[in-house]
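# A closer look at the structure
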Amino acid sequence: MKYDYLVVGCGLYGAVFARQATDKGKKVLVIEKRNHIAGNIYTEKIEGIDVHKYGPHIFHTNNKAVWNFINKFSSFNNFIFSPIANYKDQLYSLPFSMFTFNKMWGVNTPEEAEKIINEQKKEIKSEPKNLEEQAINLVGRDVFEKLIKGYTEKQWGRKCKDLPLFIIKRLPVRFTYNNNYFNALYQGIPVKGYTKLIENMLFGIDVKLNEDYLKNREYYNSISDKIIYTGAIDAYFDYKLGALEYRTVNFENEILNIPDFQSNAMVNYTDKEIPWTRIIEHKWFMFGKDEKGNDLPKTVISKEFSREWTKEDEPYYPVNDEKNNNLYLKYKELADKEKNIFFGGRLGEYKYYDMDQVIESALNFCSREFC
Ligand code: UDP
């Protein structure tokens, strides 16, 4: 059987492409090396709870076209993300808002908070050059020391001085009492889980699990005209220019015989001494209820531990510092010379994409490919 497109990897990018191509009348095969669809947004039902097996995913976007697209495959609840930071058993509200500043300094008004931050950021004398300087410039040294430094160094295994500043710009800072983290126009969690969403997206499309393209390239190249490759770009080239760095995460999952562990979907542990970065309590993404709206008697929690990726691990986060970005550009040059193969998604483009950005990128590629 000859396919128009082979899609390597059944995560969000691959599934979006496969859907759009199929709807354009193309014959598509999706292959996936793991034993399940949905990549790292995969969810699994445990005790009636959709457990985010590869870490918490909260859908959010300001892009109406992306929102309309994704809603074709699932409805979404109106979950609003408001994580909590735990620093030595003191709880702070995230994102950084007046709630955080009130707890940190006892101030009630934005003027008071800004005055303290302006005072503390004086130590940054020129344009911030790394994550540490950027963070202090945004929220001052106290917030940096208690809520950013420990978490970031655990998450990335690198000093804040050695990390790119764009990472911290992901975190909102607000001088209001609004702790809606993403504050996006459209946000929520798919009501039947992300796996079901991807299953719906792939309706009628050939999918083969447990198939590693890199181990069987010649065969797969021979059955398809074009390839959409969403795996790691350096792995595609057998790491011949050197390996790009990634962070991977491990989870310790526990089913607890209590209805409530931490009363919130996510608590970040910002102290360096605690080995995990965060604890996810999955039921709160669905307001503690099952699909029929019943309260759930048990709860599932995941402690997340971050470490450097090795070739045996799943890559999660690209380390987009200068050294790696330069290496990526060299791989990209090689990729651009390849015929009939296109690289996409977080791993294919070595980019710290959010879900909506992945969808947008896949849809943009499709409009060029099928124009
Ligand atoms: N971060 C932090 N303290 C926190 C949460 C996040 O300093 O309590 C920093 C950290 O450097 C992290 C970055 O903000 O890598 C981005 O966090 P985000 O929650 O966006 O990461 P993700 O959910 O993608 O893991």
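Residues numbered from 1 in each chain as written. Predicted model: local features only at pLDDT ≥ 70, side-chain atom pairs only at ≥ 80, totals over all residues. Heavy atoms only, no water.

The subject of this paragraph is the environment of Trp309. For Trp309, the position within the fold is in the loop between β14 (299-308) and β15 (317-318). Residues Trp309 and Ile70, spaced 239 residues apart in sequence, show a C-alpha to C-alpha distance of 31 Å. If we skip the residues at most four places from it in the chain, Trp309 touches Tyr239, Leu244, Tyr246, Arg247, Thr248, Glu314 and Pro315. A polar side-chain atom of Trp309 sits 2.8 Å from the main-chain carbonyl oxygen of Asp313. (Helix = DSSP H or I, 4+ residues; strand = E, 2+ residues; numbered from the N terminus. Contact = heavy atoms within 4.5 Å. Polar contact = N/O pair within 3.5 Å; in protein donor to acceptor, adjacent residues only side chain to side chain.)

What follows is about the environment of Ile189. Following the sequence through the fold, Ile189 ends up in the loop between β8 (186-188) and α6 (194-201). C-alpha of Ile189 to C-alpha of Gln155: the two residues are 34 residues apart in sequence and 24 Å apart in space. Once you skip the residues sitting within four places of it in the chain, Ile189 turns out to touch His52, His57, Ile58, Ser75, Phe76, Asn77, Phe79, Tyr194, Phe285 and Met286.

By the definition in use, this model includes 39 aromatic pairs. A ring pair is formed by Tyr219 and Tyr220, whose centres lie 5.0 Å apart and whose planes are at 65 degrees; its orientation type is edge-to-face. The interplanar angle of 90 degrees and the centroid separation of 5.1 Å between the aromatic rings of Tyr236 and Phe343 together place this pair among those described as edge-to-face. Placement of the pair is Tyr236 in helix α8 (residues 233-236) and Phe343 in strand β16 (residues 341-343), with a sequence separation of 107 residues. (Phe/Tyr/Trp six-rings, centres within 6.5 Å; stacked < 30°, edge-to-face > 60°.)

Next up on the list: helix α5 (residues 131-156). Helix length check: α5, at 26 residues, gives a terminal C-alpha distance of 11 Å against a target of 38 Å (1.5 Å per residue), a shortfall beyond 12%. Residue Gly140 marks the point of greatest curvature in α5, where the axis turns by about 120 degrees. Of all 26 residues that make up α5, 19 are buried, and the element is covered over most of its length. Gly157 occupies a position one or two residues after α5 and carries a positive phi of about 60 degrees. (Expected span 1.5 Å × (residues − 1). Bend = angle between axes of the 7 residues up to and from the residue. Buried < 20%, exposed > 50% of the residue type's maximum accessible area, 1.4 Å probe, protein only.)

Look at helix α11 (residues 355-369): 21 Å from first C-alpha to last across 15 residues, which is about the 21 Å you get at 1.5 Å a residue. Among all positions of α11, only Met355, Asp356, Val358, Ile359, Ser361, Ala362, Leu363, Phe365 and Cys366 are buried. Close packing links the buried residues of α11 with α1 (12-23), β5 (59-61), α2 (64-70), α6, β10 (224-229) and β16.

Let's shift gears to the pattern of salt bridges. Inspection of every chain in the model, using the stated rule, returns 34 salt bridges. Between Arg141 and Glu145 there is a salt bridge, with the nearest N and O atoms lying 2.4 Å from each other. With Arg141 and Glu145 both in helix α5, this residue pair falls four residues apart, about one helical turn. The class for Arg141 is partly exposed, based on a relative accessible area of 27%. Exposure remark for Glu145: the relative accessible area of 32% places this residue in the partly exposed category. We note a salt bridge from Glu153 to Lys159, for which the minimum N-O separation is 3.6 Å. A relative accessible area of 47% means that Lys159 is categorised as partly exposed. Within this structure, Glu123, Glu132, Arg141, Glu145 and Lys161 form a network of salt bridges that share partners. (Salt bridge = Lys/Arg side-chain N within 4 Å of Asp/Glu carboxyl O.)

What follows is about the sheet that holds strand β13 (residues 278-281). One open sheet holds the seven strands; their spatial order is β7-β6-β12-β13-β14-β11-β15, and the pairing between them is mixed. Here the strands that pair on one side only, and so sit at the sheet edges, are β7 (90-93) and β15. Pairing of β13 with β14 involves four bridges; the strand directions are antiparallel. Each bridged residue has a counterpart across the sheet, and for Glu281 the counterpart in β14 is Ile301. (Pairing = 2+ DSSP bridges.)

Note the cis peptide between Leu94 and Pro95, where omega equals 0 degrees. Relative to the helices and strands, Pro95 is located in the loop between β7 and α3 (98-105). Positioned with a positive phi, Ser263 is a non-glycine residue whose angle comes to about 60 degrees. Looking at the element boundaries, Ser263 is found in the loop between β11 (246-256) and β12 (266-269).

With respect to spatial proximity, 17 residues lie near the ligand, and among them Thr152, Trp156, Arg170, Tyr317 and Tyr352 are the closest. A distance of 3.4 Å separates an oxygen atom of the ligand from a polar backbone atom of Ile148. Burial of the ligand by the protein chains amounts to 93% of its free accessible area of 530 Å². Each residue belonging to the shell around the ligand can be placed in one class, and the counts come to eleven nonpolar, four polar and two charged. (Near = heavy atom within 4 Å. Areas by Shrake-Rupley, 256 points an atom, 1.4 Å probe, with all protein chains shown as cover. Nonpolar A, V, L, I, M, F, W, Y, C, P; charged D, E, K, R; others polar.)

Position of Asp354 among the secondary structure elements: in the loop between α10 (345-348) and α11. Judged by relative accessible area, Asp354 falls into the buried class, the value being 18%. With residues up to four places along the chain from it excluded, the contact list for Asp354 reads His60 and Arg170.

Treat this as a map of the structure, not an account of what it does.
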